[in-house]
Amino acid sequence: MMPSTVDSALIAARNVSLVLGRPPASVEILRGVDLDVAAGDSVALLGPSGSGKSSLMAVLAGLERPTGGTVSVAGLDFTTLDEDALAVARRGRIGIVLQAFHLLPTMTALENVAVPLELAGEGDAFARAAAELEAVGLGHRIGHYPAQLSGGEQQRVAIARALVGRPALIFADEPTGNLDTTTGASIMDLLFARHAASGTTLFIITHDPGLAARCARVIELGDGRIVGDRRSA
Ligand SMILES: Nc1ncnc2c1ncn2[C@@H]1O[C@H](COP(=O)(O)OP(=O)(O)O)[C@@H](O)[C@H]1O
Ligand SMILES: [Mg+2]
């Protein structure tokens, strides 16, 4: 089944290429990716290691500039924005969760979650961060530092930080890769609960077939190209 049209697409990528390094050592990472993702969808991105999944996510999330082609999110053409404008564009639109949790070690859970709101200049950052930590089941850990938390707890903090700005779009790159199966499943429950409650669009890179099966659409990447795109029944 073909994905939605450009008009209703939250993400629209056109002929996206990514070349890293300088000739003669340059490597073609993405090779002409065309992709629309509809608002409110849940998408799993599968593919062998090295196929370009993380690179594609970085480009779609506005973290990395494509070498060619265009990327727009919510009608905003990322390829025309400078770094500052990109950072502002991501804020409040896009939440990102990575396999390594990337929490700031010198900040408590509460401070880590409040960071994106403080950067956005929002006044009630700590109250909202506390509420978000409560929502991911960490209300009793808000004063703890990352080193005092288990891996699953750290990933919950990272998810609270990704969700706190109420983004329309969440990118997750192998979010359960460092967690045991049970912990990983409960982490994913948090993202799918937000998807169900608020229509948050999910874009999840995973190797886990069970996790991919929870998504409505499964895209497969091979050697920098989309080689599969299907909807689950
Ligand atoms: N900075 C870089 N310079 C050169 N090659 C890179 C760089 N980053 C990643 N790559 C290469 O790009 C390819 C795709 O990487 P990646 O997007 O991380 O794939 P995946 O997430 O599917 O494992 C890999 O072959 C990787 O070695
Ligand atoms: Mg990767």
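No experiment lies behind these values; they were computed from the predicted model shown.

Caption draft 1: Region of the structure containing the packing of helix 3 (residues 109-119) against helix 5 (residues 151-163). Between helix 3 and helix 5, the shortest axis-to-axis distance is 7 Å and the interhelical angle comes to 25°. Taken as axis vectors, helix 3 and helix 5 run roughly parallel relative to one another. Note on packing geometry: the crossing formed by helix 3 with helix 5 is right-handed. Counted together, Ala109, Asn112, Val113 and Pro116 of helix 3 and Val157, Ala160 and Arg161 of helix 5 form the full contact between these two elements. When the residues that make up the contact of helix 3 with helix 5 are grouped by side-chain class, the tally is 5 nonpolar, 1 polar and 1 charged.

Caption draft 2: Fine view of the sheet that holds strand 10 (residues 225-231). In spatial order, the strands read 6-7-8-3-9-10; together these 6 strands make up an open sheet with mixed pairing. Edge positions in the sheet fall to strand 6 (94-98) and strand 10, since each of these pairs with one other strand and no more. Ignoring which end each strand starts from, the neighbouring axes of this sheet average 15° apart. Strand direction decides the pairing type here: strand 3 (residues 42-46) and strand 9 (residues 217-222), joined by 4 bridges, are parallel. Within the sheet, the bridge partner assigned to Ala44 lies in strand 9 and is Val218. Taken strand by strand, helix 5 contacts strand 6 and strand 7 (169-173), and its axis lies near 165° from that of strand 6. Contacts between helix 6 (residues 181-198) and the sheet are confined to strand 3, strand 7 and strand 8 (201-205), with strand 8 contributing the most and set at about 155° to the helix.

Calculation rules
Counting of residues starts from 1 at the beginning of each chain's written sequence and follows it residue by residue. Each chain takes a letter, starting from A, and each ligand takes a number, starting from 1, following the order in which they are written. Predicted model: local features are reported for residues with pLDDT of at least 70 only, side-chain atom pairs are reported and counted for 80 or more only, and whole-chain, interface and lining totals are derived from all residues. Side-chain metrics in this entry use all non-hydrogen atoms of the structure; hydrogen atoms and water are not considered. For helices, the axis comes from a line fit to the C-alpha atoms of the stretch in contact; other axes are also lines fit to C-alpha atoms, and the angle between any two N-to-C directions lies between 0 and 180 degrees. Segments assigned H or I by DSSP are reported as helices when at least four residues long, segments assigned E as strands when at least two residues long, and all are numbered from the N terminus. The cut-offs work like this: below 35 degrees is roughly parallel, past 145 is roughly antiparallel, 65 to 115 is roughly perpendicular, and the gaps in between are oblique. Helix crossings fall into two classes, left-handed where the near helix is turned counterclockwise from the far one by less than a right angle and right-handed where it is turned clockwise. Here, two residues are considered to be in contact whenever any of their heavy atoms come within 4.5 Å of each other. Classification convention: Asp, Glu, Lys, Arg as charged; Ala, Val, Leu, Ile, Met, Phe, Trp, Tyr, Cys, Pro as nonpolar; all other residues, Gly among them, as polar. Pairs of strands are assigned from DSSP output, requiring at least two bridges between the strands.

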